[in-house]
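Each chain, written out:
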Amino acid sequence: MDWGSDLWDQHDVIERHTQSGLELLERYVKFVRERAEIEQSYAKQLRTLSKKYSRRGVKEDQDTKPSNQQSFQDVLNQLNDYAAQREQLSENMTLNICVELSRNLQEMRQERKNHLCEVKKAQQNLESSFKLLETSKKRFEKEWREAEKAIQQTERVQQEVSATKADVEKAKQNTHLRVHLADECKNEYASQLQRYNQEQSSFFHSEIPSAYKKLQEMEERQIRLLADGYVQFSETEKNLLPDINKCLDAIISTGRSINEKQETLALIEQYRSGAAPPADVEFEDYSQGVKAAASDNTTTHLPKVRIKQLFHKKNKVTFPDKNTPSSLEDLSRLPPDQRRRRLQEKIDDIQKELQRETEQSEALMKMKGVYEQNSQLGDPSSLQPQITQTAHDIARLRGELNKYQVQLAEAGGGTLQHYPASSEYITVLSDPSVSPSENIYEYEFDEDFDIDVPIGQCTALYDFDGGSEGAVSMQVGEQLSLMQEDQGDGWVRVQRASGHVGYVPASYIQII
């Protein structure tokens, strides 16, 4: 059973049905395209949301932020990856479904048009043939009636007594002519009838069934494409589910890896100062009168503690990025525990960098020896700038390492280990070919380590006589150098422009 044999007389039905199928395919293409646009918009909104809640500015050091805050950043990063998968889904739907189905839809529209045109053309040919048949039939009918009239006229002429022989002969000739024309029209009509019957048989048994069968095959392909489009619509997203699940599993893993106990202990490790709480406030006996007051001036200066100063905000301490080149850093302002921890971190970083520079220097020295033995492999002098620079870097790192170890030993965090420069670096640095400016690293770290350097500037808010031992006087508006911050006792160490160094009340100055 097929359309050609069973629906040969249902042209309008076939035409409407095939048009409806193509319209359904077109609607599905539009549906998938709008779904892809929704996915694209969804991915864009997810990226905007992730960017909104991400930390901005310079990336913080991992050691200075709790891991649960970093975990939230990891969740936002995974959300970005999730958005990327949604964008990929939108792209795959557009390319694999919309583009492909649109191309097939265009081809089938043209194919349907061609098949319908074939049917219409065959129908027009059949109608033209039928008109010719009708024309020949009417002509045959007309000529036969004229022939019958001529025969009857001849018979009347022959029966008339007054008719001459010439009249009878003329009537016979006219009858013979009309009969001859009627026979010709009859033959033409029979021929045209046979031709029409053949064309009609071909139209209904060959041309129409063939065209309708092709339309049926086209309809079946259209239905198959639509069915495959449904499957691909689901498989396109299903193929991305493993990657999407990875993002979601990573978020789950991030949440389960957070240890609340370690988070609270990390705050202790980061901000523990190691300082002891202030001692009990001594009783001041004012009943002793002037004698007690006089004795106070001779006693050892003991800074007084103000309760509100125990909880005042410290100046924010920023740490350099670990990825920046190693440089000397003043860590004396930090509390003892934090200072020891930061010094140990700096020492570890410098030791790693020193190891890399040492390995590079050894490799350069070996290469130079090879070049000296075989000059064809290269020029030994071409390596001298790199060897010199590496030697300078090693000397600089050794100097920094020694200084940080001295500070760590003073903070009670370790023993001093001096790293003298090896003979090969001394040889390089003392090479006459090296310019004096390049030898600066040889003497750069030989200075005294105990130089007292100001850590800031401050302005006096009130007059202070500095009568107590260890204190220094100051006047309102005087500019002072801040040598040491308040350690919790309410006093700071400053240096006047005259060079005098001593303590003043922390509440009497304003740090600039």
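Each value, and the rule that gives it
The written sequence of each chain sets the order in which its residues are numbered from 1. Thresholds applied to this predicted model are a pLDDT of at least 70 for local features of residues and 80 or more for the giving and counting of side-chain atom pairs; totals over whole chains, interfaces and linings are not thresholded and use all residues. No hydrogens and no water enter the side-chain calculation; it runs on all heavy atoms of the structure. Helix and strand assignments follow DSSP, with helices taken as H or I runs no shorter than four residues and strands as E runs no shorter than two, numbered in order from the N terminus. Partly exposed describes any residue whose relative accessible area lies between the buried limit of under 20% and the exposed limit of over 50%, with all areas from a 1.4 Å probe on protein chains only and scaled to the type maximum. We call two residues contacting when some pair of their heavy atoms lies within 4.5 Å. Two strands pair if DSSP finds at least two bridges between them. Angles run from 0 to 180 degrees between N-to-C directions of axes, and those axes are lines fitted to C-alpha atoms, restricted for helices to the stretch in contact. In this scheme, patches are assembled from residues that exceed 30% relative accessible area and form no salt bridge. Like charges are connected within 9 Å, while nonpolar side chains (Val, Leu, Ile, Met, Phe, Trp, Tyr) are connected within 5 Å. All accessible areas in this document rest on Shrake-Rupley with a 1.4 Å probe, and a residue is counted as covered only by the protein chains that are shown. Note on definitions: salt bridges are taken to be side-chain nitrogens of Lys or Arg within 4 Å of carboxyl oxygens of Asp or Glu. The set of buried Ala, Val, Leu, Ile, Met, Phe, Trp, Tyr and Cys residues whose side-chain atoms join them within 4.5 Å is what this entry labels a nonpolar core. Helices are assigned an expected span. That span is 1.5 Å times one less than the residue count. The definition of a polar contact used here is a pair of N or O atoms within 3.5 Å, where within protein one atom must be able to donate a hydrogen and the other to accept one, and adjacent residues in sequence count solely through side-chain atom pairs. In what follows, roughly perpendicular refers to angles from 65 to 115 degrees, roughly parallel to angles under 35, roughly antiparallel to angles over 145, and oblique to any angle outside these ranges. Here a crossing is taken to be left-handed if its near helix is turned anticlockwise relative to the far helix by less than a right angle, and right-handed if that turn runs clockwise. Only Phe, Tyr and Trp rings are paired, with Trp represented by its six-membered ring, and only when their centres lie within 6.5 Å; those with planes under 30 degrees apart are stacked, over 60 edge-to-face, the remainder tilted. Every residue is assigned a pLDDT by the predictor, reflecting its confidence on a scale from 0 to 100.

Before going further, it helps to examine the overall build of the protein chain. Across its full length, the protein chain carries ten helices and five strands. Here the protein chain holds 512 residues, and the buried ones make up 31% of them. Of all intrachain contacts in the protein chain linking residues separated by at least 6 positions in sequence, the fraction that spans at least 24 positions is 72%.

The strands making up a sheet associate through backbone hydrogen bonding, with each pair oriented either parallel or antiparallel. Spatially, β4-β3-β2-β1-β5 is the arrangement adopted by the five strands of the open sheet, whose pairing is antiparallel. The open sheet has two free edges, formed respectively by β4 (501–505) and β5 (509–511), since each of these has just one partner strand. Each neighbouring strand pair of the sheet contributes to a mean axis angle of 45 degrees, computed without reference to strand direction. In this sheet, strand β2 (residues 479–484) lies alongside strand β1 (residues 456–460) in antiparallel orientation, the contact comprising four bridges. Bridge pairing in β2 links G456 to L482.

Judged from the three bridges that link them, β1 and β5 form a sheet pairing that is antiparallel. Of the residues in β5, the one forming a bridge with T459 is Q510.

This paragraph deals with a nonpolar patch on the surface. Together, L24, Y230 and V231 line one region of the surface with nonpolar side chains, adding up to about 260 Å² of accessible area. Looking at the element boundaries, L24 is found in helix α2 (residues 11–53).

Let us now look at the side chain of T459. Locating T459 in the fold gives a position in strand β1. Since its relative accessible area comes to 18%, T459 is described here as buried. Those residues in contact with T459, other than ones at most four positions away along the chain, are G477, E478, Q479, Y508, I509, Q510 and I512.

Turning to the nonpolar core, a few remarks are in order. Counting residues in each nonpolar core, the largest one holds 40 residues, and the members touching the most others are Y28, V32, Y212 and L215. Among the elements that make up this core, the one with the highest residue count is helix α3 (residues 67–159) (16 residues). Among the nonpolar cores identified, the runner-up in size contains 13 residues, and C458, A471, L480 and I509 belong to it.

As a further point, take helix α5 (residues 260–271). Here α5 is twelve residues long and its end C-alpha atoms lie 17 Å apart, about the 16 Å a rise of 1.5 Å per residue gives. For α5, the N-terminal cap is N259; the gap from its side-chain oxygen to the backbone nitrogen of K261 is 3.0 Å.

What follows deals with the packing of α2 against helix α4 (residues 165–257). Contact geometry of α2 with α4 gives a least axis separation of 11 Å together with a crossing angle of 20 degrees. Looking at the two axes, α2 sits roughly parallel to α4. Regarding α2 and α4, the two cross each other, and that crossing is left-handed. The residues of α4 that touch α2, namely those facing H11, I14, H17, T18, G21, L22, L24, L25, Y28, F31, V32 and R35, are Y212, L215, M218, E219, Q222, L226, G229, Y230, F233 and E237.

Another aspect to go through is the pattern of salt bridges. Counting across every chain of the model gives 17 salt bridges. R221 is the partner of E111 in a salt bridge, and the nearest nitrogen-oxygen pair spans 2.3 Å. Placement of E111 in helix α3 and of R221 in helix α4 is noted, with a sequence separation of 110 residues between them. Close ionic contact of R496 with E478 constitutes a salt bridge, the shortest N to O distance being 2.8 Å. Linking R496 in the loop between β3 (491–495) and β4 with E478 in the loop between β1 and β2, this pair joins segments that are 18 residues apart in sequence. The structure contains a network of salt bridges with shared partners spanning R35, E39, R86 and E237.

With that settled, the discussion passes to the environment of Y404. Relative to the assigned elements, Y404 resides in helix α8 (residues 384–410). Residues Y404 and R342 lie 62 residues apart in sequence; the distance between their C-alpha atoms is 10.0 Å.

Below, the discussion takes up the packing of aromatic side chains. Evaluated as defined, the whole model comprises ten aromatic pairs. Taken together, a centroid distance of 6.0 Å and an interplanar angle of 5 degrees make the contact between F140 and Y189 stacked. Linking F140 in helix α3 with Y189 in helix α4, this pair joins segments that are 49 residues apart in sequence. The exposure classification of F140 matches that of Y189, with both residues buried. Ring geometry for F464 versus W491: centroids 6.1 Å apart, planes at 65 degrees, classification edge-to-face.

It is worth spelling out the side chain of S481 at this point. Among the secondary structure elements, S481 is positioned in strand β2. Here S481 falls in the buried class, since its relative accessible area comes to 17%. Apart from residues lying up to four places away in sequence, S481 is in contact with P454, G456, Q457, R493, V494 and Q495.

Along the chain, the position of F72 falls in helix α3. Separated by 179 residues in the primary sequence, F72 and I251 place their C-alpha atoms 9.1 Å from one another.

Averaged over every residue, the pLDDT of the protein chain is 78; the share at 70 or more is 79%. Looking across the protein chain, the model is least confident in helix α10 (residues 440–443), with a mean pLDDT of 39, and most confident in α2, with 91. Overall, residues 290–327 carries pLDDT values under 50, and its contacts beyond four positions in sequence, including any with other chains, amount to 49 contacts.

Quick look at α8 now. In a regular helix each residue adds 1.5 Å, so 27 residues correspond to 39 Å; α8 covers 39 Å between its end C-alpha atoms and thus fits that length. The element α8 is largely enclosed, with a buried count of 22 among its 27 residues.

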